[in-house]
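Given next are the chains, with one letter for each unit.
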Amino acid sequence: QVQLVESGGGLVQPGGSLRLSCAASGFTFSGYATRWYRQAPGKERELVAGISSAGGITTYADSVKGRFTISRDNAKNPVYLQMNSLKPEDTAVYYCNAVRGGKYDYWGQGTQVNVSS
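All values derive from a computational prediction rather than experimental measurement.

Overview of the pattern of salt bridges
Applying the stated rule across the entire model yields four salt bridges. Between Lys65 and Asp62 there is a salt bridge, with its nearest N and O atoms 3.2 Å apart. Under the relative-accessibility criterion, Asp62 is labelled exposed at 66%. Residue Arg67 is joined to Asp90 by a salt bridge in which the shortest nitrogen-to-oxygen separation is 2.8 Å. Within this pair, whereas Arg67 is found in the loop between strand S6 (58-60) and strand S7 (68-72), its partner Asp90 is found in the loop between strand S8 (79-83) and strand S9 (92-100), the two being separated by 23 residues in sequence. With respect to burial, Arg67 and Asp90 carry one shared label: buried. One network of salt bridges, with partners in common, ties together Arg38, Glu46, Arg67 and Asp90.

As structure tokens, this is what we get:
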């Protein structure tokens, strides 16, 4: 059964850090480009960061550049999103998405991140 599971969300104060993890089962995760999206209440889902299947190419939304880092260790499965210098506007549900060849497109259930004092 194909599954993506996000973890690592929670409540953090502004300026704090969290590391999100996306773990896959049921398919060869290392063969998929992976992206993190987020959706805040009342807003559309937006792309936060992406990483190629081999991990050599990364992209970031302008709003998170310099603060977030996406990474993967294909020997260990998870894709990570290290989030530093968090701001209240980073509050959202964060989703992991794995894609391959325009045909395979898998999503996790999301993990809630709340940035508040």
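On we go.
Remarks on the pairing of S9
In terms of burial, S9 is a largely internal element, eight of the nine residues being buried. As paired elements, strand S4 (residues 33-39) and S9 share seven bridges and run antiparallel to each other. Opposite Gln39, over in S9, you have Val93 as the bridge partner. Direction of pairing for S9 relative to strand S11 (residues 111-115): antiparallel, over a ladder of three bridges. Considered in S11, the bridge of Ala92 is made with Val113. Direction of pairing for S9 relative to strand S10 (residues 104-107): antiparallel, over a ladder of four bridges. Considered in S10, the bridge of Arg100 is made with Tyr104. As consecutive antiparallel partners, S9 and S10 are separated by three residues, and within that stretch Gly101 has a phi angle of approximately 60 degrees, a positive value.

So, unusual backbone geometry
With a phi angle near 50 degrees, Ser85 is a residue other than glycine that sits in the positive phi range. Among the structural elements, Ser85 can be located in the loop between S8 and S9.

Topic: the sheet that holds S8
Read from one edge to the other, the open sheet built from four strands follows the order S1-S3-S8-S7, with strand pairing classed as antiparallel. Two strands bound the open sheet, and with one partner strand each, they are strand S1 (3-7) and S7. Going across the sheet, the axis of each strand differs from the next one's by a mean of 15 degrees, ignoring polarity. Where strand S3 (residues 18-25) and S8 come together, five bridges link them in antiparallel fashion. Each bridged residue has a counterpart across the sheet, and for Ser21 the counterpart in S8 is Tyr80.

Here is what the cut-offs are and how they apply
- Residues numbered from 1 in each chain as written.
- Predicted model: local features only at pLDDT ≥ 70, side-chain atom pairs only at ≥ 80, totals over all residues.
- Heavy atoms only, no water.
- Salt bridge = Lys/Arg side-chain N within 4 Å of Asp/Glu carboxyl O.
- Buried < 20%, exposed > 50% of the residue type's maximum accessible area, 1.4 Å probe, protein only.
- Helix = DSSP H or I, 4+ residues; strand = E, 2+ residues; numbered from the N terminus.
- Pairing = 2+ DSSP bridges.
- Axes fitted to C-alpha atoms, helices over the stretch in contact; angles between N-to-C directions.

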